[in-house]
Amino acid sequence: MQEGRVPRVKNRAPAAIQITAEQLLREAQERQESQFRAPRQRVEDFEELHEYRGRKRKEFEERIRRTRGSIKEWLQYASWEASQNEFARARSVFERALDVDPRSMPLWLTYTETELKSRNVQHARNLFDRAVTLLPRVDQLWFKYVYLEELLQNIAGARQVFERWMAWEPDDKAWQAYIKLEIRYNEFDRASAIYERWVAVRPEPRVWVKWGKFEEERAKVDKARDVFKTALEFFGDEEEQVEKAQAVFGAFAKMETRLKEYERARVIYKFALERLPRSKSANLYAAYTKFEKQHGTRTALESTVLGKRRIQYEEELSHDGRNYDVWFDYARLEEGAYRQLREEGATAEEEEQAVARVREVYERAVAQIPPGNEKRHWRRYIFLWLDYALFEEIETKDFTRTREIYQTVTRLVPHKQFTFAKLWLTFARFEVRRLDLPAARRILGTAIGMCPKEALFNGYIQLEFDLREFDRFDPTNSAAWIKYAELETQLADYNRARGIFELGVSQSPLSMPELLWKAYVDFEVEEGERARARALYERLAATSGHWKVWVAYAMFEAQPIQLPRDEREEDEDGDEGDEEREPKMVEGDLELARQVFQKGYRDLKSKGLKNERVALLQVWKSFEEQRGTPEDIAKVEGMMPVQGKRRYVDQETGQLVEDYDYIFADDEREANPTSFKFLQMAHAWAASKKAGGAGTTAGSGGGGGGGGGALSRFAAALTQEKENDSRAESDGDASEPESMDEDVASVASSQDNS
C-alpha cells in the first residue's frame with residue numbers, strides 16, 4: 001500500500017454483533033484510569049501534628065513566594081490556617097494579602113466570613129468599616145455590613161451605616177433598601193424623609209411616582225397629592241417637560257381614579273394630552289381611553305376613541321400624504337362612525353355632519369394623485385375612487401354624485417399609457433343597476449376604443465352573456481364561443497351547442513383556437529359520441545399536425561368513455577331505484593390507439609420533424625410498457641433512433657462543423673438499402689454464433705465501436721416493416737401539455753448527455 005493513502009475497506013457489511021453508543025460510553029468510563037489521590041495521613045501525637053503543620057506552612061509560603069499576586073493562593077493559605085483554629089495566623093495571612101491587593105473584594109468578603117464563622121463579631125465589624133472606607137462604591141460590602149448590624153438588632157448602627165452610604169449618593173437599590181429598613185420597623189415618617197432626600201438627589205419621574213404611591217399606601221392622601229403637585233411644578237408645562245413627566249401624570253390620574261375622584265382624573269389626563277402631540281403620548285392616551293371605558297359615558301368613550309384614531313391617522317398622513325393604506329383606514333373609520341349614528345337613530349343634522357366628514361376624507365384622499373405615469377403607483381389610488389363611488393351609491397343613495405365620481409376618475413387616468421379594466425367594468429355595472437343599458441354599453445365601447453385589453457373584452461362579453469345578448473360578441477374570441485356553447489349545454493340543447501362549436505371552429509381568424517377545439521372534443525366525449533370525437537381529432541390533426549394532437553388522439557382511442565346520451569338516459573330510466581350505481585362505460589380500443597400512433601409517426605416522418613418523432617416514440621413506449629406485451633415494447637424500441645455525429649461545412653465561416661443528429665432505422669433503410677441489408681445479415685450471423693455457444697468474441701467484434709445497439713434496432717425495425725404491425729404506447733396522462741414538455745425535456749437531456 002502506498003504511503004499517505006487511506007486503506008480501502010474491503011468488507012463494508014455490518015458487523016454481526018452491533019454495539020450501541022451507550023455501551024461505547026460505558027466502556028470508555030470503565031477503562032479510564034483512576035485519578036491520583038494523596039494517601040490519607042493520620043496524626044498520632046502533637047509532634048507529628050507540629051511536623052505536618054510546619055510542612056504545610058512551608059508549602060504555602062513557597063507557593064505564595066512564587067505567585068505573590070495570586071489572591072487564590074493567599075485565600076487557600078488563610079482558610080487552611082482557620083481550619084486549624086489558628087485564627088491569629090489566619091489574620092496575619094489575610095493582612096499580608098491585603099498589603100498585596102487591598103482592593104480585592106473576594107479577599108475582603110472571605111476575611112469577614114472567616115471572622116463571622118469563628119464568632120468574632122467585633123473583628124468583622126472593624127473589617128467592614130475598613131472595607132467600606134476603602135471601597136465606598138462596592139454595594140455588596142455595604143449590603144453585608146447593614147445586614148450584619150440588623151442581624152445583631154443594632155438598628156441604630158444599621159441606620160448610621162446607611163447614612164454613611166447615602167452620603168455617596170448610591171443607586172436606587174441602596175435608597176430602596178434604606179426605605180425598606182425603616183418600613184420594617186414602622187418608621188414611616190423616616191421613610192418619607194428618605195424619599196424626599198432621594199428625589200432631591202435623583203429627581204426622576206419614577207422616583208416621584210414611588211414616593212406618591214408610598215404616601216397613598218399609608219393613607220396619606222393629601223401628602224400624596226402634594227407630592228404629585230410638587231413633581232408637576234418641578235417639571236413644568238412645556239412640551240418636552242410634560243413628555244418627560246408622562247409617568248407622573250399617569251400615576252397621579254390613576255391615584256385619583258382609585259380614590260373615585262373621576263373628574264380630577266379626567267382633568268389630569270386632558271391637561272397632559274393637550275400639551276403633547278399624539279405621536280409622543282400613545283401610552284397616556286391608551287390609559288385615558290381605558291379610563292373612559294370604565295368610568296365615562298358611551299358618547300364620551302366613542303368620541304375619545306374616534307378622536308384618538310383621527311389624530312393618529314392625521315399624524316401619519318402629515319408624514320406621507322400618499323400613504324393610501326392610511327387613507328383607506330381613515331375612510332373606513334368615518335364610514336363606520338356614520339353607520340353607527342344611523343343605527344342609533346341620530347338626528348338628520350348629525351347624519352349630515354357624519355356624511356360630510358366621510359366625503360371630506362375621500363376628497364382629500366383622491367386629491368393625492370400618484371406621481372408619474374407608472375401603473376404600479378396608481379393601483380391602490382384607483383380603489384379610493386371606487387370605494388368613494390360605492391359609498392355614495394350604497395350609503396347615501398346619491399346616484400348623480402356617484403356618476404360624477406366615475407366620470408371624473410375616467411378622465412383622470414392616463415389611458416394612453418395604461419388603464420384599469422375594473423374601473424370601466426364597475427362604472428358599466430353601475431349603469432346597469434340604474435337600468436341604463438345603452439349607457440353601460442357606451443362606457444365599455446369607449447373603454448375598448450381608448451385602451452383595448454383582454455379584461456375589457458371578457459368583461460363586455462360576460463355582461464352580454466348575463467343579459468343573454470349573444471349577437472354582440474367578437475366572433476374571433478374562443479372564450480366567447482365556449483361560454484355560448486356552455487349556455488346551450490346547460491339548457492340541454494345539445495344539437496344547438498354542437499352547431500355553435502362547428503361555427504366557432506370554422507372561423508378563420510380565431511384567437512387561441514386550441515381552447516375551442518379542446519372544448520369541442522370534451523363536449524363530444526361527455527356526450528359519448530366516440531365517432532364524432534374521432535372525426536374531430538382527424539380534422540384537428542390534418543389542420544395542425546402537432547405531435548401532441550396525435551398523442552391526445554391515441555389516448556382518446558384507448559380510454560373508456562360513457563355511453564351515448566340516448567342510451568344513457570334509457571339505462572337511467574330502467575335503474576331509477578339505484579341512485580349510487582356507477583354509469584356504464586364503453587371501453588377503448590388499444591389497437592386503434594396503436595394505429596393512431598403509427599399514423600402520427602408517419603405524418604411527422606413525412607414532415608422531417610425528428611425531435612417530434614422522438615417525443616412521440618417516448619410516449620408510445622410508455623404506453624406499451626403499461627398496457628402492451630413484451631413484443632409490442634420490443635417493436636417500439638426498435639423504432640427508437642440512435643444519436644450520431646454529422647459533419648458539414650458552414651457556409652458562412654467555411655469551417656467543418658460537427659453536430660449531433662438522430663438516426664432512425666427506417667430512414668437508414670430507405671437511404672442506404674444495401675448497407676442496411678449487410679448490417680442485418682451481420683446481426684443474424686452474430687445472433688447465430690451466440691446461440692451456438694461460440695463465445696462472445698465474434699459477437700462483440702461484429703458491430704465495432706458501439707454499433708451493436710444500432711444494429712439491433714435496425715434489424716428490429718426491418719422485422720417490423722416486414723410484419724407491417726404498427727403499435728405505440730403512451731402514458732396515461734400523455735395528452736396533457738405538462739407531460740409532453742417532460743418528454744421533450746427528456747429527449748433534449750439525452751442529446752446533451754451524448
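Here goes a summary of the coordinates provided. Residue numbering note: each chain is counted from 1, following its sequence as written. Residue-level local features of this predicted model are given only where pLDDT is at least 70; pairs of side-chain atoms are given and counted only at 80 or more, and the full residue set underlies all totals for whole chains, interfaces and linings. Each side-chain value is derived from all of the structure's non-hydrogen atoms; neither hydrogens nor water enter the calculation.

1. Remarks on the nonpolar core
By nonpolar core is meant a set of buried Ala, Val, Leu, Ile, Met, Phe, Trp, Tyr and Cys residues that side-chain atoms within 4.5 Å join together. Between buried and exposed lies partly exposed: a residue is buried under 20% and exposed over 50% of the maximum accessible area for its type, with that area taken using a 1.4 Å probe on protein chains only. With 73 residues, the main nonpolar core has Phe162, Trp208 and Val248 as its most contacted residues. The residues contacting tryptophan 208, other than those within four sequence positions of it, are Val199, Pro203, Val227, Thr230, Ala231, Phe234, Phe235 and Val248. Trp327, Val355, Tyr388 and Ala447 belong to the second-largest nonpolar core, a separate cluster that totals 48 residues. Working rule for contacts: check all heavy atoms of both residues, and any pair within 4.5 Å makes them a contact.

2. Points about helix H19 (residues 348–366)
Secondary structure elements are taken from DSSP: a helix is a run of H or I of four residues or more, a strand is a run of E of two residues or more, and numbering for both begins at the N terminus. What a helix should span is 1.5 Å times the count of its residues minus one. End to end, H19 covers 27 Å across 19 residues, agreeing with the expected 27 Å (1.5 Å per residue, within 8%). When H19 is considered as a whole, its buried residues turn out to be Ala354, Val355, Val358, Val361, Tyr362, Ala365 and Val366. For H19, the angular spread of the buried residues around the axis is 130°, confining them to a single face. Exposed residues lying more than 90 degrees from the buried face of H19 are Glu349 and Glu352. Buried residues along H19 sit in contact with helix H18 (324–343) and helix H20 (375–394). Note that the arc is defined by the directions from the helix axis to the C-beta atoms.

3. Remarks on the pattern of salt bridges
Salt bridge, as used here: a side-chain nitrogen of Lys or Arg that lies within 4 Å of a carboxyl oxygen of Asp or Glu. Applying the stated criterion to the full structure yields 51 salt bridges. As a salt-bridge pair, glutamate 22 and arginine 26 come within 3.1 Å of each other at their nearest N and O atoms. Separated by four residues within a single helix, glutamate 22 and arginine 26 lie in helix H1 (residues 21–30), roughly one turn from each other. For glutamate 22, a relative accessible area of 57% translates into the label exposed. Between arginine 376 and glutamate 374 there is a salt bridge, and its shortest N-O distance comes to 2.8 Å. Each of Arg359, Glu363, Glu392, Asp398 and Arg401 takes part in a single network of salt bridges with overlapping partners.

4. What to know about the side chain of threonine 257
As for its placement among the helices and strands, threonine 257 is situated in helix H14 (residues 246–258). Leaving out residues up to four positions away in the same chain, threonine 257 has contacts with Tyr262, Ala265, Phe291 and His295.

5. Remarks on a negative patch on the surface
Patches draw on residues past 30% relative accessible area with no salt bridge. Two like charges within 9 Å are joined, as are two nonpolar side chains (Val, Leu, Ile, Met, Phe, Trp, Tyr) within 5 Å. Throughout, the Shrake-Rupley method with a 1.4 Å probe supplies accessible areas, and for residues the shown protein chains are the sole cover considered. Charged residues are defined here as Lys and Arg on the positive side and Asp and Glu on the negative side; His and the ends of the chain fall outside this count. Charge coordinates come from a single atom per side chain, which is NZ of Lys, CZ of Arg, CG of Asp or CD of Glu. On the surface, Glu44, Asp45, Glu47, Glu48 and Glu51 cluster together to form a negatively charged patch. Here glutamate 44 is to be found in the loop between H1 and helix H2 (46–66). Residue class for glutamate 44 comes out exposed when judged on its relative accessible area of 58%.

6. Digging into the packing of aromatic side chains
Two aromatic rings, drawn from Phe, Tyr or Trp (for Trp, its six-membered ring), form a pair once their centres lie within 6.5 Å of each other, and the interplanar angle then sorts them: stacked below 30 degrees, edge-to-face above 60, tilted otherwise. Using the criterion set out here, one finds 35 aromatic pairs in the structure. Pairing phenylalanine 228 with phenylalanine 252 gives two aromatic rings, centres 5.0 Å apart and planes at 10°, and the pair type is stacked. Taken together, the positions of phenylalanine 228 in helix H12 (residues 221–235) and phenylalanine 252 in helix H14 put the pair 24 residues apart, joining distant regions of the chain. Summarising the aromatic geometry, the rings of tyrosine 362 and phenylalanine 391 are spaced 6.3 Å apart at their centres and angled 35° between planes, so their arrangement reads as tilted. Of this pair, tyrosine 362 sits in helix H19 while phenylalanine 391 sits in helix H20, and the two are 29 residues apart along the sequence. Take tyrosine 362 and phenylalanine 391: they sit in the same class, and that class is buried. By definition here, charges over rings are those cases where NZ of Lys or CZ of Arg is within 6 Å of the ring centre and within 35 degrees of the ring normal. Between lysine 375 and the ring centre of phenylalanine 420, over which it is positioned, the NZ or CZ distance is 5.1 Å. Over the face of the ring belonging to phenylalanine 399 we find arginine 434, whose NZ or CZ atom lies 3.8 Å from the ring centre.

7. Re the packing of H20 against helix H21 (residues 399–412)
Inter-axis angles, ranging from 0 to 180 degrees, are taken between N-to-C directions of lines fitted to C-alpha atoms, where helices are fitted over the stretch in contact. Viewed as axis vectors pointing N to C, H20 and H21 meet at an angle of 165°, and their least axial separation amounts to 7 Å. Comparing their axes, H21 and H20 come out roughly antiparallel. Judged by the sense of rotation from one axis to the other, the crossing of H20 with H21 is left-handed. Contact with H20, carried on its side by Trp378, Tyr381, Ile382, Trp385, Leu386, Tyr388, Ala389, Leu390, Glu392 and Glu393, involves Phe399, Arg401, Thr402, Ile405, Tyr406, Thr408, Val409 and Leu412 of H21 and no other residues of that element. Residues are grouped as follows: Ala, Val, Leu, Ile, Met, Phe, Trp, Tyr, Cys and Pro are nonpolar; Asp, Glu, Lys and Arg are charged; all remaining types, including Gly, are polar. Of the residues contributing to the contact of H20 with H21, the split by class is 13 nonpolar, two polar and three charged. Between 65 and 115 degrees an angle is taken as roughly perpendicular, under 35 as roughly parallel, over 145 as roughly antiparallel, and anywhere else as oblique. When the near helix sits turned anticlockwise from the far one by under a right angle, the crossing is termed left-handed; a clockwise turn instead gives a right-handed crossing.

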